[in-house]
Amino acid sequence: MLRNRQLSRRLKLTGYVLYESVPDKVAYNEWFEKLELPDTFASWFIVTELHVWMLLVRYMAVDISSATGKKKYVKGDGYFVRNCIIEAQWADVGNRIKMLEGANPAIAKKQVTELSEQFQAALVGYDEGLNDDRVLAGAIWRRFYSMSDDVKAENVEKIVHFIRHQLSELDKIPSESLRWKPQLEWLSILDH
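Reading the values: rules and limits
- Residues numbered from 1 in each chain as written.
- Predicted model: local features only at pLDDT ≥ 70, side-chain atom pairs only at ≥ 80, totals over all residues.
- Heavy atoms only, no water.
- Buried < 20%, exposed > 50% of the residue type's maximum accessible area, 1.4 Å probe, protein only.
- Helix = DSSP H or I, 4+ residues; strand = E, 2+ residues; numbered from the N terminus.
- Expected span 1.5 Å × (residues − 1).
- Contact = heavy atoms within 4.5 Å.
- Polar contact = N/O pair within 3.5 Å; in protein donor to acceptor, adjacent residues only side chain to side chain.
- 1 Å grid on protein atoms, 1.4 Å probe; cavity = no way out; pocket = protein on both sides within 12 Å on 5 of 7 lines; lining within 4 Å.
- Points joined across faces, edges and corners; volume = space filled by probe spheres on them.
- Nonpolar A, V, L, I, M, F, W, Y, C, P; charged D, E, K, R; others polar.

Draft legend 1. Structural detail: unusual backbone geometry. In the Ramachandran plot, Glu36 falls in the positive-phi region, its phi being about 55° despite a non-glycine side chain. Accessibility expressed as a relative area gives 47% for Glu36, which makes it partly exposed. Of note, the phi angle at Met147 is positive, near 60°, even though the residue is not glycine. Counting through the fold element by element, Met147 comes out in the loop between α6 (133–145) and α7 (153–171).

Right, here's the structure in full:
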């Protein structure tokens with residue numbers, strides 16, 4: 001039992017460290033400038049959620065088993081760490097909202113609930129686009145640009161290319177390294 005608690009604590013720390021790599025290492029200003037996004041909390045959140053989603057995709061792959069010759073998903077450490085990454089994200093969002101000037105707690109709570117719903121929908125949209133660039137581009141257009149007709153198609157395309165490249169880089173990290181020594185770098189959107 002003690003070993004399980006220690007393992008759980010260690011994996012929770014891993015989830016928090018992985019999440020912190022996003023706000024600590026993503027160059028948000030590059031995203032805002034290159035992709036013509038406003039420098040707002042909402043834009044910060046959308047860029048953050050995309051990076052979190054990529055972590056979730058990579059971490060869920062940890063639980064894929066092919067022991068029987070067929071790939072099968074089995075809830076394990078990846079599922080646990082995935083939940084810890086999401087927990088860390090919402091803790092960070094809550095802290096950031098408290099720091100916003102003039103934030104009304106009742107309104108902030110409602111906005112976090114709306115963000116949570118949008119986050120869940122975004123995850124589904126991104127997941128659906130994992131194997132189809134057109135579907136992924138649609139999810140990006142909906143989430144990043146609210147389906148605006150004024151968006152430059154090349155901005156959506158840059159994000160699609162970034163996602164494919166970043167997921168490829170994450171896949172190169174051995175699961176054990178990602179689990180116990182989670183050090184990763186995020187690619188620059190300027191290179192896409």
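Next comes the rest of the description.
Draft legend 2. Looking closely at α7. Along its 19 residues, α7 runs 27 Å from first to last C-alpha, staying within 8% of the 27 Å computed at 1.5 Å per residue. Along α7, the residues classified as buried are Asn155, Val156, Lys158, Ile159, Val160, Phe162, Ile163, Gln166, Leu167 and Leu170. Residues of α7 that are buried make contact with α2 (28–34), α3 (41–60) and α6.

Draft legend 3. Up close: the side chain of His192. Following the sequence through the fold, His192 ends up in the segment after α8 (175–180). His192 sits in the buried class, given a relative accessible area of 18%. For His192, the side chain forms a polar contact with the main-chain oxygen of Ser188, separated by 3.0 Å. With near-sequence residues (within four places) excluded, His192 lies in contact with Lys34, Lys158, His161, Phe162, His165 and Leu187.

Draft legend 4. Molecular detail of the layout of surface pockets. Looking at the second largest pocket, its volume works out to about 220 Å³. Forming the boundary of the second largest pocket are Phe41, Ala42, Ile46, Ile97, Leu100, Gln111, Glu114, Leu115, Gln118 and Arg143. When contributions to the lining of the second largest pocket are tallied by element, the ones reaching two or more residues are α3 and α5 (105–128). In terms of residue count, α5 provides more of the lining of the second largest pocket than any other element does, 4 residues in total. Taken together, the residues that form the lining of the second largest pocket break down as 6 nonpolar, 2 polar and 2 charged.

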